[in-house]
Amino acid sequence: MAVALRQSCAVASVPTSRRVAVVVRASAGQINPSIRKSEEKVADIIKVANVPKPKAVFCRCWRADASKFPYCDGSHVKHNKETGDNVGPLVIDSTP
Ligand code: FES
């Protein structure tokens, strides 16, 4: 991962002092560290009628507590602070 970042920074001409290291806790090549790992694929279908109103906030960082997933529980804030990442949730806003 660090090698890929250095290469992309070199291409983008980013000064060495502005490069960051990203720590990924999941196994190499995986973004999901712990959620429903026994399943072949984690996919969720939520009918619009069942979406909490007025906003539904869905996790995209894979760090939400497994009991809350697929909803965001704010765990992305800690992940971003620890890694320098910038991930956040998908918010479905049903207000007019
Ligand atoms: S906890 Fe994953 S996006 Fe908020």
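Thresholds, definitions, all that
- Residues numbered from 1 in each chain as written.
- Predicted model: local features only at pLDDT ≥ 70, side-chain atom pairs only at ≥ 80, totals over all residues.
- Helix = DSSP H or I, 4+ residues; strand = E, 2+ residues; numbered from the N terminus.
- Buried ≥ 20, exposed ≤ 12 C-beta atoms within 10 Å, placed from the backbone.
- Contact = placed C-beta atoms within 7 Å.
- Core = buried A, V, L, I, M, F, W, Y, C linked by C-beta atoms within 7 Å.
- pLDDT = per-residue confidence, 0-100.

Below, the discussion takes up the overall build of the protein. A tally of regular secondary structure across the protein gives two helices and two strands. Counting helices and strands in the order they occur from the N terminus, the protein gives α-β-α-β. Counting all 96 residues of the protein, 10% fall into the buried class. Of the contacts made within the protein by residues no fewer than 6 positions apart, 45% connect residues no fewer than 24 positions apart.

The next thing to look at is the nonpolar core. By size, the foremost hydrophobic cluster in this structure holds six residues: C59, C61, W62, A64, F69 and C72. Ignoring sequence-local partners within four residues, the contact set of W62 consists of I31, N32, P33 and I35.

A residue-level look at the protein finds 73% of positions with pLDDT of 70 or above and a mean pLDDT of 80. Mean pLDDT in the protein bottoms out at helix α1 (residues 2-12), which sits at 37, and peaks at helix α2 (residues 75-83), which reaches 96. Counting contacts from residues 1-12, a segment whose pLDDT is below 50, to residues more than four positions away or on other chains yields eight contacts.

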